[in-house]
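Fold and contact review
The lines below spell out each chain.
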Amino acid sequence: QVQLVESGGGLVQAGGSLRLSCAASGGSFSNYVMGWFRQAPGKLREFVARISWSSATYYADPVKGRFTISRDNAKNTVYLQMNSLKPEDTAVYYCAGRQGIPTTAANSYNYWGQGTQVTVSS
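Reading guide: rules and limits
- Residues numbered from 1 in each chain as written.
- Predicted model: local features only at pLDDT ≥ 70, side-chain atom pairs only at ≥ 80, totals over all residues.
- Heavy atoms only, no water.
- Disulfide = S-S within 2.5 Å.
- Helix = DSSP H or I, 4+ residues; strand = E, 2+ residues; numbered from the N terminus.
- Buried < 20%, exposed > 50% of the residue type's maximum accessible area, 1.4 Å probe, protein only.
- Core = buried A, V, L, I, M, F, W, Y, C linked by side-chain atoms within 4.5 Å.
- Phe/Tyr/Trp six-rings, centres within 6.5 Å; stacked < 30°, edge-to-face > 60°.
- Lys NZ or Arg CZ within 6 Å of the ring centre and 35° of its normal.
- Salt bridge = Lys/Arg side-chain N within 4 Å of Asp/Glu carboxyl O.
- Polar contact = N/O pair within 3.5 Å; in protein donor to acceptor, adjacent residues only side chain to side chain.
- Contact = heavy atoms within 4.5 Å.

1. Topic: the state of the cysteines
This model, assessed by the stated rule, comprises one disulfide. Two residues, C22 and C95, share a disulfide whose sulfurs are 2.0 Å apart. Judged by the sign of its S-S torsion, about -75 degrees, the cystine formed by C22 and C95 is left-handed. Taken as a pair, C22 in strand β3 (residues 18–25) and C95 in strand β9 (residues 91–98) lie far apart in primary sequence, 73 residues in all. Owing to a relative accessible area of 0%, C22 belongs among the buried residues under this scheme.

The following block contains the structure:
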């Protein structure tokens, strides 16, 4: 099965930027919907952004205009560029994938990475 590994998290000051990467192995995900989710302590895992096989994108309102999702199918890699970071963005960020209709529901994605911590100081 497809394996996903996130990287690029870290500690940044409010207003700063980070770029997360999600490397896939075990097969091409060119026809997969790929998404980013995040989960903070005591909070539910929430949708952040998705990108379809056709590169159509969709973002959650809290990150719209600040985050950009992209994919490089030749490298089997998905990225999340995060700008103007806020303390509220602090969470573990997860990469996920699925085949089929694009959705925002975490339980509809069947491939997940282990997550990477993003901490934004105030």
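2. Details of the nonpolar core
In this structure, M34, W36, L80, M82 and Y93 are the most contacted members of the largest nonpolar core, which totals 34 residues. The set of elements that each furnish at least two residues to this core consists of β3, β4 (33–39), β5 (46–51), β7 (67–72), β8 (77–82), β9 and β11 (116–121).

3. Quick word on the packing of aromatic side chains
All chains considered together, the criterion is met by seven aromatic pairs. Ring plane angle 75 degrees and centroid distance 5.8 Å describe the contact between F37 and F47, whose orientation is recorded as edge-to-face. Of this pair, F37 sits in strand β4 while F47 sits in strand β5; the two residues are ten residues apart in sequence, bridging distant segments of the chain. Here F47 falls in the buried class, since its relative accessible area comes to 12%. Seen in terms of ring centroids, Y94 and W112 are 6.4 Å apart; in terms of plane orientation they differ by 80 degrees. Their pairing is edge-to-face. On the criterion of sequence distance, the pair formed by Y94 in strand β9 and W112 in strand β10 (residues 111–112) is long-range, its members being 18 residues apart. One aromatic cluster in this structure is built from F37, F47, Y58, Y94, Y109 and W112. Directly above the ring of Y94 sits R45, whose terminal nitrogen or CZ lies 3.7 Å from the centroid. Directly above the ring of W112 sits R45, whose terminal nitrogen or CZ lies 4.9 Å from the centroid.

4. Quick word on the pattern of salt bridges
Close approach of charged atoms allows side chains of opposite charge to pair. Enumeration over the complete set of coordinates arrives at four salt bridges. Residue D89 pairs with R38 through a salt bridge whose shortest N-O separation is 2.9 Å. Taken as a pair, D89 in the loop between β8 and β9 and R38 in strand β4 lie far apart in primary sequence, 51 residues in all. What makes D89 buried here is its relative accessible area of 1%. A relative accessible area of 6% places R38 in the buried class. A cluster of three or more residues bridged by salt bridges with shared partners is formed by R38, E46, R66 and D89.

5. Digging into the side chain of R38
A polar contact of 2.9 Å, which involves the side chain of R38, links it to the side chain of D89. In this structure the side chain of R38 is engaged in a polar contact, spanning 2.9 Å, whose partner is the side chain of Y93. If sequence neighbours within four positions are ignored, R38 has contacts with L44, R45, E46, V48, P62, V63, F67, E88, D89, A91, V92 and Y93.

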